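Listed below, chain by chain, are the residues.
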Amino acid sequence: RPQLTMSTSDQKLQQLEEATTASQSLLAEKESKLSSAMNALDKAKSKLKALSPEAQQTLQVNDTELPELLSARMIAQEEYDEAEKRHETNKKYLLIFREKVSREKCNSLVGS
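One structure accompanies this document, and this report is about it. (Residues numbered from 1 in each chain as written. Predicted model: local features only at pLDDT ≥ 70, side-chain atom pairs only at ≥ 80, totals over all residues. Heavy atoms only, no water.)

1. Description of the overall build of the chain
When helices and strands are tallied, the chain shows three helices and zero strands. Counting helices and strands in the order they occur from the N terminus, the chain gives α-α-α. Taking 2.2 N^0.38 as the reference for a compact globule, 112 residues should give roughly 13 Å; the C-alpha atoms of the chain span a radius of gyration of 25 Å, well beyond that estimate. Taking the principal axes of its C-alpha atoms as reference, the chain extends roughly 85 × 20 × 15 Å. Looking at the chain as a whole, 20% of its 112 residues qualify as buried. Sequence separation of at least 24 residues holds for 81% of the intrachain contacts in the chain that already meet a minimum separation of 6. A total of about 8600 Å² of accessible surface is found on the chain, and carbon and sulfur atoms cover 53% of it. (Helix = DSSP H or I, 4+ residues; strand = E, 2+ residues; numbered from the N terminus. Rg over C-alpha atoms; globule rule 2.2 N^0.38 Å. Buried < 20%, exposed > 50% of the residue type's maximum accessible area, 1.4 Å probe, protein only. Contact = heavy atoms within 4.5 Å. Areas by Shrake-Rupley, 256 points an atom, 1.4 Å probe, with all protein chains shown as cover.)

Below you can see the structure in the form of structure tokens.
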């Protein structure tokens with residue numbers, strides 16, 4: 001008679017696979033956000049460099065959008081780093097658990 005319910009190991013494996021897929025999507029989202037923040041900052045820097053030397057001398061940093069862009073860049077980097085760490089951890093546990101489940105299935109076949 002076929003087993004209709006998933007084993008606890010199979011359920012856990014499915015949960016780890018889903019968590020890894022979700023963390024991969026989050027990582028891609030954070031990578032895009034980081035790229036956008038970096039591009040915005042580079043664009044603002046280019047604008048400032050294009051100003052005349054006189055205009056650059058009289059300009060105060062607070063008169064620019066640099067503080068906000070730097071802050072957004074730092075936040076985006078932190079979020080990306082956190083998402084990357086979570087994804088790497090999920091991938092590691094998924095690999096370990098797949099090996100464990102595979103060994104269990106082999107052992108159960110040998111034992112039958």
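2. Brief notes about helix H1 (residues 8–50)
The first and last C-alpha atoms of H1 sit 62 Å apart over 43 residues, in line with the 63 Å expected at 1.5 Å per residue. Of the positions making up H1, those classed as buried are Ser9, Leu13, Leu16, Thr20, Ser23, Leu27, Lys30, Leu34, Ala37, Leu41 and Ala44. (Expected span 1.5 Å × (residues − 1).)

3. Details of the environment of Tyr80
In this fold, Tyr80 is placed in helix H3 (residues 66–111). Setting aside residues up to four positions removed in sequence, Tyr80 forms contacts with Leu27, Lys30, Glu31 and Leu34.

4. A short note on the packing of aromatic side chains
This model, assessed by the stated rule, comprises zero aromatic pairs. A cation over an aromatic ring shows up here: Lys92 above the ring of Tyr93, its NZ or CZ 5.3 Å from the ring centre. (Phe/Tyr/Trp six-rings, centres within 6.5 Å; stacked < 30°, edge-to-face > 60°. Lys NZ or Arg CZ within 6 Å of the ring centre and 35° of its normal.)

5. Looking at the pattern of salt bridges
The final tally for this structure, using the stated rule, is seven salt bridges. Ionic pairing is found between Lys91 and Glu88, a salt bridge with its closest N-O pair at 3.5 Å. Linking Lys91 with Glu88, this pair stays in helix H3, spanning three residues, or about one helical turn. By relative accessible area, Lys91 is classed as partly exposed at 39%. With relative accessibility at 39%, the residue Glu88 sits in the partly exposed group. In this structure, the salt-bridge partner of Lys100 is Glu104, at a minimum N-O distance of 3.5 Å. Placement of the pair is Lys100 and Glu104 together in helix H3, with a separation of four residues, close to one helical turn. (Salt bridge = Lys/Arg side-chain N within 4 Å of Asp/Glu carboxyl O.)

6. Re the environment of Glu78
Relative to the helices and strands, Glu78 resides in helix H3. As a C-alpha pair, Glu78 and Leu34 span 44 residues in sequence and 9.2 Å in three-dimensional space.

7. Here's the deal with a negative patch on the surface
Judged by side-chain charge, Glu31, Glu78, Asp81 and Glu84 come together as a negatively charged surface patch. Counting residues per element, the negative patch draws most heavily on H3, at three residues. (Patch = residues over 30% accessible without salt bridge, like charges linked within 9 Å, V, L, I, M, F, W, Y side chains within 5 Å. Lys, Arg positive; Asp, Glu negative; His and termini not counted. Charge placed at Lys NZ, Arg CZ, Asp CG, Glu CD.)

8. Overview of the side chain of His87
Positionally, His87 belongs in helix H3. For His87, a relative accessible area of 5% corresponds to the buried category. Within polar-contact distance, the side chain of His87 engages the side chain of Ser23 at 2.8 Å. In contact with His87, not counting residues within four places along its chain, are Thr20, Ser23, Gln24 and Leu27. (Polar contact = N/O pair within 3.5 Å; in protein donor to acceptor, adjacent residues only side chain to side chain.)

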